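Residue-level structure breakdown
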Amino acid sequence: MEQLKAAIETDADNTLRDDLLTFLAQTSSNTLDEPFFNKLARYLAECLDMDFVCIDRLEGDGLTATTVAVWCDGHFEDNVSYALKDTPCGDVVGNAVCCFPAMVCQLFPHDQVLVDLRAESYIGVTLWSYTGKPIGLIAVISRKPLTDRAKAESVMKIVAVRAAGEIERLDAEEALMKSESKYRQLFQNQPSAYALHEIIVDADGEPFDYRFLEINSAFEALTGLKAIDVIGKTQSEILPDNEQHWVQTYGQVALTGNNIEFENFSGLNNGYYHVIAYSPEPFKFATIFNDITERKRSENELRIAKAAAESANTAKSQFLANMSHEIRTPMNGIIAISQLLQMTELNDEQKEYTDLLRTSGKNLLQLISDILDLSRIEAGSVELETTDFDLSDEMTATAGIFSQLARVKGVELNLQINPDVPLRLTGDPLRLRQIITNLIGNAIKFTKEGTISLRISKDSENEQQTTLRFTVRDSGIGIAQGTIGHIFEAFTQADNSTSLNYGGTGLGLTIARHLAELMGGSVGVESIEGQGSEFWFTAVLQKQTDTRDVRTTETLVQAGIKNTTNIRILLVEDDEANQVAFSRLLFKSSHLVDIAANGREALKLLEEKDYDIVLMDCRMPLMDGYEATAAIRDPGSKVRNHAIPVIGLTAAAMREDRKKCLDAGMDDYLAKPIDYPILVASLEKLIT
């Protein structure tokens, strides 16, 4: 407006100034009867006696213009876009005023508009934005030469100021409309359901209802509520059965501005929603809904499938535990009786038969143990123990087990521990020895002559732990290259002839791989058929912070053995073969043995007699070993010695079975079949 006043005061006489002020004051951009630019075009045509008036907006390229109002010979024409090149309007852009008082048609022969109008004179003025950028122009054309150039230029410069402001307003409105249109499209087309509400509060400022202000199409599809039915209405009108606490919940969002997020079941479509609620402005809240019914259904199906899998695993574990018990119980009798036979006077043929019988029993027992181990590993139920041990003691003991067997075959067995390997470690020595036992056992089985070596080296180390590499190298039959990639898979051996010639099921290496991975390591093999093999595995072990002497449980057991005789033993066992085998073996060691067939008989004998120790089978009819042990430990029971040592005997070989025995109050645990020397060692450890 200041620019307009300045232009009027400078370039117009008083009459013209008053006329322009009156026109501009009475011409509003918001009038409904006629657009501002149409009024301006008519005014200029009448004021300056012109035949043609054109008001244009410049396009972004600066090379074209689009008309917003065109006055021609007393009427308005349609708006069009045109190129500025070769037209007088092209000369206008960038100049305050451009005037051709005569012969304009001859000056611009390629301007078809000028030709069609038989134009003689032309005046144009640039419309400038407030930042000084050309945004439009006004051009007036007459078929007569211009007689009052000063008046025409003055009027044009004055109206240009107002027209420029209107062009900017028009640009802003269109930009806003485009933005709103874009927002509306995004709002309506977004996949999430969206709704805007206004909270309604009572006289105390407490929310008691809310009104729907806006919803998108996704909201309609998700809830079944249509915009035409809900906009402007309250939730109590639309959802009269809706729980009132939602009004309070959303009300706090609208009044405090705190966002909330939750999942909820809705009866509108019997589905689950994920909801985010926030406040875009005071007393309003917006909700964004996503349908998560399928996800919930999948989660529920997964939960059911997981429960079924866990149930199947439990059933499988229970089945294996039962089968293990049922098989190990008679196996205990077979192996124990074979030991008894070996203690008698035998001729060479009989001795050969008993040796074969015992060896076959042990092989069958190993097969049972391998299948059980593999099943538990695959079910994810194997847990490593954490025990302090001396690596040198463990490896020496493990190698010592095979030394005699290697000598019988004429094979040399070597053990080498590199000097930089830490010896005082914490981990699961039992599982460590199990892997090495598998590898050395295979090496001896497949090596007829030569050397087998166990080498232990250090891969890496930090302050807390070390990664060790255990390598077993042999000079045996080797492995074919076509098989070596599958050697660690279950039931895989080098070829079919391997199992025929050497025996075995191919489970040992699979178990070794799983156990190594449980210890944070891996396994591998290199082999040349006919020249030998090199198996290795790595394990991550903790280093001990206490460097005092460490001895394993086995070492402590061996240290406690004494030649104790005449131990008074109560054997609680329901299997007749095991009764005979255990009692005879113990009798040969000069021990005194009474037999009870179940827990009830055992308690009765313990009430009547004094014993030094109880060998308690865990699974028996009428009363099992766990119940009987609990009764022995009960101070209220009638047994004579509540502290009597109890050794659990069970054919269930799971680690949790050992814990179950100890939790029941037993002092030790032996898994069937039981080697006689181990039984004697356990007896004498507890007695001494």
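Our subject is the structure that appears above.
Residues numbered from 1 in each chain as written. Predicted model: local features only at pLDDT ≥ 70, side-chain atom pairs only at ≥ 80, totals over all residues. Heavy atoms only, no water.

1. Here we look at the overall build of the chain
A tally of regular secondary structure across the chain gives 24 helices and 24 strands. In the chain, which comprises 688 residues, the proportion classed as buried is 44%. Taking all contacts inside the chain whose residues are at least 6 apart in sequence as the whole, residues at least 24 apart take part in 62%. Accessible surface computed for the chain: about 35,600 Å², of which carbon and sulfur atoms make up 51%. (Helix = DSSP H or I, 4+ residues; strand = E, 2+ residues; numbered from the N terminus. Buried < 20%, exposed > 50% of the residue type's maximum accessible area, 1.4 Å probe, protein only. Contact = heavy atoms within 4.5 Å. Areas by Shrake-Rupley, 256 points an atom, 1.4 Å probe, with all protein chains shown as cover.)

2. Notes on unusual backbone geometry
For Asp73, which is not glycine, the phi dihedral falls at a positive 50 degrees. Positive phi values are uncommon outside glycine, yet Asp86 reaches one of about 65 degrees. Mapped onto the elements of the fold, Asp86 is located in the loop between β4 (81-83) and α4 (88-92). What makes Asp86 partly exposed here is its relative accessible area of 43%.

3. Topic: the sheet that holds strand β12 (residues 284-291)
Read across the open sheet, the 5 strands follow the order β9-β8-β12-β11-β10; overall the sheet is antiparallel. Because the sheet does not close on itself, it has two edges, and the strands there are β9 (207-215) and β10 (260-266). Adjacent strand axes in the sheet meet at a mean angle of 30 degrees, parallel and antiparallel pairs treated alike. Contacting β8 (193-201), β9, β10, β11 (271-278) and β12, helix α11 (residues 245-256) runs over the sheet at an angle of about 70 degrees to β9. (Pairing = 2+ DSSP bridges. Axes fitted to C-alpha atoms, helices over the stretch in contact; angles between N-to-C directions.)

4. Focus on the sheet that holds strand β21 (residues 592-596)
Reading across the sheet, the 5 strands line up as β21-β20-β22-β23-β24 and stay open at both edges, with parallel pairing between neighbours. Since the sheet does not close on itself, it has two edges, and those belong to β21 and β24 (668-671), each with one partner. Averaged over all adjacent pairs, the angle separating strand axes in this sheet is 20 degrees, with direction ignored. Sheet contacts for helix α21 (residues 599-608): β20 (568-572), β21 and β22 (613-617); angle to β20, the most-contacted strand, approximately 160 degrees. Helix α22 (residues 625-633) rests against β22 and β23 (646-650) of the sheet, and its axis sits at about 150 degrees to β22.

5. Side note on the environment of Leu683
Checked against the element boundaries, Leu683 lands in helix α24 (residues 676-687). Residues Leu683 and Asp612, 71 residues apart in the sequence, show an inter-C-alpha distance of 9.6 Å. Apart from the residues lying within four places of it in its own chain, the contact partners of Leu683 are Ile569, Leu586, Ile613, Leu615 and Ile647.

6. Things to note about helix α20 (residues 576-588)
The end-to-end C-alpha distance of α20 is 18 Å, a good match for the 18 Å that 13 residues give at a rise of 1.5 Å each. Every buried residue of α20 is listed here: Asn578, Gln579, Ala581, Phe582, Ser583, Leu585 and Leu586. Its side-chain oxygen 3.2 Å from the backbone nitrogen of Ala577, Asp575 forms the N-cap of α20. Positive phi shows up at Ser590, right after α20, with a value of about 65 degrees. (Expected span 1.5 Å × (residues − 1). Polar contact = N/O pair within 3.5 Å; in protein donor to acceptor, adjacent residues only side chain to side chain.)

7. Re the nonpolar core
Counting 40 residues, the largest nonpolar core has Leu391, Leu432, Phe470 and Phe537 as its most contacted members. Of all the secondary structure elements, the ones that give two or more residues to this core are α14 (391-408), α15 (429-445), β16 (450-461), β17 (465-474), α18 (508-518), β18 (523-528) and β19 (532-543). The element contributing the most residues to this core is α15, with 7 residues. When residues no more than four places from it in sequence are discounted, the contact partners of Phe470 are Leu391, Met395, Leu432, Ile436, Arg455, Ile456, Phe535, Trp536, Phe537 and Ala539. Counting 33 residues, the second largest nonpolar core, distinct from the first, contains Leu127, Ala152, Ile167 and Leu170. (Core = buried A, V, L, I, M, F, W, Y, C linked by side-chain atoms within 4.5 Å.)

8. Looking at the pattern of salt bridges
Following the criterion strictly, the structure yields 25 salt bridges and no others. Residue Asp171 pairs with Arg57 through a salt bridge whose shortest N-O separation is 2.4 Å. In this pair, Asp171 sits in helix α7 (residues 149-189) while Arg57 sits in strand β1 (residues 52-58), placing the two residues 114 residues apart along the sequence. Its relative accessible area of 31% is what places Asp171 among the partly exposed residues. Judged by its relative accessible area of 15%, Arg57 falls in the buried class. Connected via shared salt-bridge partners are Arg162, Glu166, Arg169 and Glu173. (Salt bridge = Lys/Arg side-chain N within 4 Å of Asp/Glu carboxyl O.)

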